[in-house]
Every structure is written in C-alpha cells, then in structure tokens.
Amino acid sequence: GAVVSQHPSWVICKSGTSVKIECRSLDFQATTMFWYRQFPKQSLMLMATSNEGSKATYEQGVEKDKFLINHASLTLSTLTVTSAHPEDSSFYICSARARTDYQPQHFGDGTRLSIL
Amino acid sequence: DAKTTQPTSMDCAEGRAANLPCNHSTISGNEYVYWYRQIHSQGPQYIIHGLKNNETNEMASLIITEDRKSSTLILPHATLRDTAVYYCIVRVPNYGGSQGNLIFGKGTKLSVKP
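In what follows, the accompanying structure is described. (Residues numbered from 1 in each chain as written. Chains lettered and ligands numbered in written order. Predicted model: local features only at pLDDT ≥ 70, side-chain atom pairs only at ≥ 80, totals over all residues. Heavy atoms only, no water.)

Comments concerning the overall build of chain B
Broken down by element type, chain B carries zero helices and nine strands. Its helices and strands in sequence order give chain B the pattern β-β-β-β-β-β-β-β-β, from N to C terminus. For chain B, the C-alpha atoms occupy an extent of roughly 45 × 30 × 25 Å along the three principal directions. Sorting the 114 residues of chain B into buried and exposed places 47% on the buried side. Once local pairs closer than 6 in sequence are excluded, the contacts in chain B between residues at least 24 apart make up 56%. About 5800 Å² of surface is accessible on chain B, with carbon and sulfur atoms providing 49% of the total. Of the charged side chains in chain B, 11 are positive and 9 negative, and the gap between their average positions amounts to 3 Å. (Helix = DSSP H or I, 4+ residues; strand = E, 2+ residues; numbered from the N terminus. Buried < 20%, exposed > 50% of the residue type's maximum accessible area, 1.4 Å probe, protein only. Contact = heavy atoms within 4.5 Å. Areas by Shrake-Rupley, 256 points an atom, 1.4 Å probe, with all protein chains shown as cover. Lys, Arg positive; Asp, Glu negative; His and termini not counted. Charge placed at Lys NZ, Arg CZ, Asp CG, Glu CD.)

See the structure below:
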C-alpha cells in the first residue's frame, strides 16, 4: 500500500528554536499534502493544505508565519515550526493524497514535538 | 465539524467480529465514506472507503445502507492488535482552500479483549 514517511519521529528542543519536519510520499506522487496537529486525548485537527508548487492554505486560527509549509515537489512537503514555544508541543502528522479524486489520504507516523 | 456520529467506545472479544456503526444522515450524493484507525501514538491508517455499494478488502468490510445515512465497518476476526480508535469520515467536497480534506471527529475507541 501507499507509504508516507515522516521524519523525525521525536524532537525535543529548547524554547525559541525552529524545528523542521519532513513528509515524503514514497511510492506515489502527492498532488496534495496536509498537516494535522493532535493534542493528547483529542482528535486530529487540520492545520493546512498544500499543493505542489503553490502556497499552503491555512485553517482559521493557524498562524502561517509560525508554521511554514513548503511543498516543493510531488513527493516532499516540510513543516517548519518557527521560534517554537512550549505551547507548540504536540503530535504533528502529515498526510498525502495522489491526484486522482476521492483516492484515500495516507498518513505518516507523526512527529512528537516537545519544547522545553 | 465532523459530519458523522459514532459511539464513544466499544468492546469486542478476540476472534469475534467487530461491528462499528456510523451515522452520516446529512451525507451528500457525491460524498464517500472513509474509515481510518489510529493505534496509540501512530498516524491514522486507511482501512476502506465506499460510495454506496458494500466494499470488502483484506482488512475489513464496509456495509452502507441503501439510503446512505449510515454504515458499518466490520472486522471479521478481531485481534488484540485491532485495538485502536476508529474514525468514520465523510469526505467533504472541494471548497475554498481545504480541497477535500478529511475532518476527524472523536471516533470509536475499540478495545479487543482476550
């Protein structure tokens, strides 16, 4: 089945640091990629949607200058959490979908970010 | 907001069939029903999806009622590894910037017991 690889799995860093998370589709071309955030005991919340070569579309309440998304190729998207603070600590999950409409989204295994 | 309603939790005995219900009474004619599951501390795993016909794959079966207002995911022989949160999601049509993303509700926490 389709595989989405997310790296790193865990990040622990000091407050004020910027952190980059990579998301790759390994066996298909991902026209659209999505970034979600999940707090403990809560469901996934969509942060932003990006198409290859276009600017990302952010959900209401998500700071685009805080969470920089780059979708430079059909197999790679990155999320950079700039000047991270403890309240940014969360489980970040990427998802990718191929061009064909109504094909399922496939998810990475997530990145657990802890800001000290 | 999620467009589906699922029970908060369910238990199932190992080796028995697990039947997970989902209500989606406001589903539109061109919207598919997707099922995903999330095992603790992992990303969601795609299980199955369908429009109006029943579907089956190596993981599960999906039964959709004729009026499409509800569906049931069936795991034919549940194992301990099937313990997870199961999400039933109606795929929203493309609009604005969200472009047909999946909106997750609270899902059903399935506990498979020995």
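Things to note about the sheet that holds strand 4 (residues 45–50) of chain B
All names here are of chain B. One open sheet accounts for five strands, arranged 1-9-8-3-4; its pairing is mixed. Two strands in the sheet have a free side with no partner beyond their single neighbour: strand 1 (9–13) and strand 4. Going from strand to strand, the sheet's axes swing by 25° on average, the running direction of each strand aside. Here strand 3 (residues 33–38) pairs with strand 8 (residues 84–90) via six bridges, running antiparallel. Among the inter-strand pairings, W35 is bridged to a residue of strand 8, identified as C88. (Pairing = 2+ DSSP bridges. Axes fitted to C-alpha atoms, helices over the stretch in contact; angles between N-to-C directions.)

With respect to the pattern of salt bridges
Summed over all chains, the structure comprises four salt bridges over all chains. Across the pair E22(A) and R24(A) runs a salt bridge, and its minimum N-O distance is 3.5 Å. Measuring nitrogen to oxygen at the nearest pair gives 2.8 Å for the salt bridge that ties E31(B) to K3(B). Pair noted here: E31(B) is in the loop between strand 2 (18–23) and strand 3 and K3(B) is in the segment before strand 1, with a separation of 28 residues, a long-range link. When its relative accessible area of 30% is taken as the criterion, K3(B) is described as partly exposed. (Salt bridge = Lys/Arg side-chain N within 4 Å of Asp/Glu carboxyl O.)

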